[in-house]
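# Residue-level structure breakdown
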Amino acid sequence: MAKITRKPAPRKAAVPKKKAKAVLKAATAKPKAPAKTSSKATRPNSIKSWTPAEIHEVFSRFRKANPEPKGELEHINPFTLLVAVVLSAQATDAGVNKATRALFEVADTPQKMLDLGEERLREYIKTIGLYRTKAKNVIALSAKVLSEFGGEVPRTRAEIESLPGAGRKTANVVLNMAFGEHTMAVDTHVFRVGNRTGLAPGKTPLEVELGLEKVIPAEFMLHAHHWLILHGRYTCLARKPRCEVCLINDLCRWPEKTV
Ligand code: SF4
């Protein structure tokens, strides 16, 4: 009698453990300080690439849900926006707004900020982390805006980044919100969403920024930064993403999504 050999039951297709782990790590990690940009994406082979049609669909849904997204940092003009962004490093927008409401009533121009002086400025912002250094930077950047840029916030990335306390993220926010440029500021929320969804995997904010700029169609770029921040802040939460109410859960590539 022929011996019957039983075939092993077919296994459910799954993302290889090692690779899924790598995606999970990138999606939950905090952004590393900007380092050398690598042209190599960190997308594991097992994660299906996004098609242009899918990316268009994602941003069409964001646009439909929130056609005119707004940033949550309160400001009156490009100068106060610049100051608010500098103050927001490692602080929440709500915490910055609480301090700047009173501050901007008395100092909404570089000259008024200089007239206020570092000591009194510190009093206004002492509830914000690193306020001593930030006060020093705000006074120094006000002086530079006055002496080198005629009192107007400069409009180029290099000039904005040359201001004390302002880095690439500050320049991206100011260029986008004050001057309508198609820049992509990557904060902790955008970094997480770019990695989790697989839209723009990267180990540094710069990699994610360049990846997003490459794949997002121009028609969405003016608001893309805010849609992604708001998505990360209110839906794709760091510890417990709300996948069940997520607008793009059918498209998201995160192996750990809960839908
Ligand atoms: S499905 Fe979940 S993990 Fe993916 S973007 Fe939505 S909330 Fe984030």
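For clarity, every value in this text was computed on a predicted model and none was experimentally measured. (Residues numbered from 1 in each chain as written. Predicted model: local features only at pLDDT ≥ 70, side-chain atom pairs only at ≥ 80, totals over all residues. Heavy atoms only, no water.)

Our next topic: helix H3 (residues 78-87). Every α-helical turn comprises 3.6 residues, leaving residues that sit three or four positions apart pointing alike. With respect to burial, H3 is a largely interior element, nine of its ten residues being buried. Among the residues of H3, Phe79, Thr80, Leu81, Leu82, Val83, Ala84, Val85, Val86 and Leu87 are the ones counted as buried. (Buried < 20%, exposed > 50% of the residue type's maximum accessible area, 1.4 Å probe, protein only. Helix = DSSP H or I, 4+ residues; strand = E, 2+ residues; numbered from the N terminus.)

Let us now look at helix H10 (residues 205-215). Residues Pro205, Leu206, Glu207, Val208, Glu209 and Leu212 constitute the buried set of H10. Buried residues belonging to H10 abut helix H7 (157-161), helix H8 (168-177), helix H9 (188-197) and helix H11 (218-234). (Contact = heavy atoms within 4.5 Å.)

This brings us to the site of the ligand. Taken together, the residues surrounding the ligand are Thr197, His231, Cys236, Pro241, Cys243, Cys246, Asn249, Cys252 and Trp254. Residues that form the shell around the ligand fall into these classes: six nonpolar, three polar and no charged. (Near = heavy atom within 4 Å. Nonpolar A, V, L, I, M, F, W, Y, C, P; charged D, E, K, R; others polar.)

Glancing now at the packing of aromatic side chains. A complete count under the given rule lists four aromatic pairs for this structure. Among the aromatic residues, those joined into a ring-pair cluster are Phe59, Phe62, Phe220 and Trp227. When the ring centre of Trp254 is taken as origin, the NZ or CZ atom of Arg196, which lies over that ring, is 4.4 Å away. The ring centre of Trp50 lies 4.5 Å from the NZ or CZ of Arg253, which sits over that ring. (Phe/Tyr/Trp six-rings, centres within 6.5 Å; stacked < 30°, edge-to-face > 60°. Lys NZ or Arg CZ within 6 Å of the ring centre and 35° of its normal.)

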